[in-house]
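# A structural walkthrough
Residues per chain are reported as follows:
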Amino acid sequence: MTEKQTQQRITHNWQSVQQQVRETAIACARDPGSIRIIGVSKYVDEKLTRALTSAGCCELGESRPQLMWQKSQAMQDVTPLGWHMIGHLQRNKVRRTLRCTPTIHSVDSERLLSAIADEAVLQGICIDVLLEVNISGDQAKTGFLPEALQSVLESRHQSGLEIRGLMAMAGWGTDPSAARKQFEKTRELRDQLEISTGRQLPELSMGMSGDYQEAIQAGATMVRIGSTLFDGVIERN
Ligand SMILES: *Cc1c(COP(=O)(O)O)cnc(C)c1O
């Protein structure tokens, strides 16, 4: 594939996903503008990540902190560009990660939450975070158990971060209709927490390449899409 063909393919994929998101939103009477597409660039190098931004994607998701640091450093000329940390974040990587001022979707412990708040205060910034919830009950999945969230939300009124909502992933090997039930459970959990804590939790980060339409039907405000955007360009796993 020439560079030009690669760009054309990625642009085509980006536009198809945008179109699909729009159609899905309209079909369930939602405003398409209320759904953000996070382009998950974790599979590809800087060059292909740039191709995705050239196609029009201006929010990128990475699951490995070091790769986010490297790419955000190398791509400072691309604006506007927002970063999203979607993978497990160790506390010893918080400092460098916050230099990218990302939205952090994968906050899965109170200790991590505190570490982010402390470091953000030091850096004089405020970080948007989402609490990752283990909605599928998979042992292998990270995230807070649903019943733990109430106390986490009640104990957090500190500066340096703002808890904007919840992030969830369907369990491994879940088919789309079972995934949809898990996404609906996540939305219901969010609704209950808003009532019981009196806090606003407007964001729901749910849905990946295989199940983003179900996630939108269930109320997702951010979908995290990777492999579909690089279809025909990289090997699918
Ligand atoms: C890799 C990844 C995605 C994107 O998955 P695709 O199936 O490639 O779209 C979304 N969310 C998280 C947390 C991921 O690790």
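Since we're looking at a predicted model, the values are computed, not measured. (Residues numbered from 1 in each chain as written. Predicted model: local features only at pLDDT ≥ 70, side-chain atom pairs only at ≥ 80, totals over all residues. Heavy atoms only, no water.)

It is worth spelling out the layout of surface pockets at this point. Put simply, the largest pocket is a space of about 670 Å³. Lining the largest pocket are 30 residues; nearest its centre among them are Lys-42, Lys-141, Met-169, Trp-172 and Met-208. Every element with two or more residues in the lining of the largest pocket is listed here: α7 (176-197) and β8 (222-225). Residues that form the lining of the largest pocket fall into these classes: 12 nonpolar, 12 polar and 6 charged. Each pocket or cavity is described by its volume, and for the second largest pocket that value is around 210 Å³. Trp-69, Gln-70, Ser-72, Gln-73, Gln-76, Leu-81, Gly-82, Trp-83, Arg-96, Arg-99, Cys-100 and Thr-101 together form the lining of the second largest pocket. Top element by residues in the lining of the second largest pocket is helix α3 (residues 65-74). It accounts for 4 residues. The residue makeup of the lining of the second largest pocket, split by class, is 4 nonpolar, 6 polar and 2 charged. (1 Å grid on protein atoms, 1.4 Å probe; cavity = no way out; pocket = protein on both sides within 12 Å on 5 of 7 lines; lining within 4 Å. Points joined across faces, edges and corners; volume = space filled by probe spheres on them. Helix = DSSP H or I, 4+ residues; strand = E, 2+ residues; numbered from the N terminus. Nonpolar A, V, L, I, M, F, W, Y, C, P; charged D, E, K, R; others polar.)

This part covers α7. Under the 1.5 Å per step criterion, the end-to-end length of α7 is 31 Å for 22 residues, consistent within 8% with the ideal 32 Å. Those residues of α7 lying buried are Ala-179, Gln-182, Phe-183, Thr-186, Leu-189, Arg-190, Leu-193 and Thr-197. For α7, the angular spread of the buried residues around the axis is 115 degrees, confining them to a single face. Among the exposed residues of α7, those pointing more than 90 degrees away from its buried face are Lys-181, Gln-192 and Ile-195. Buried positions along α7 lie against β5 (127-133), α6 (149-154), β6 (161-168), β7 (203-206) and α8 (212-218). Sitting at the head of α7, Asp-175 places a side-chain oxygen 3.0 Å from the backbone nitrogen of Ser-177. Backbone geometry just downstream of α7 places Gly-198 in the positive-phi region, at approximately 70 degrees. (Expected span 1.5 Å × (residues − 1). Buried < 20%, exposed > 50% of the residue type's maximum accessible area, 1.4 Å probe, protein only. Arc of directions from axis to C-beta. Contact = heavy atoms within 4.5 Å. Polar contact = N/O pair within 3.5 Å; in protein donor to acceptor, adjacent residues only side chain to side chain.)

On their own, these measurements won't tell you what the molecule is for.
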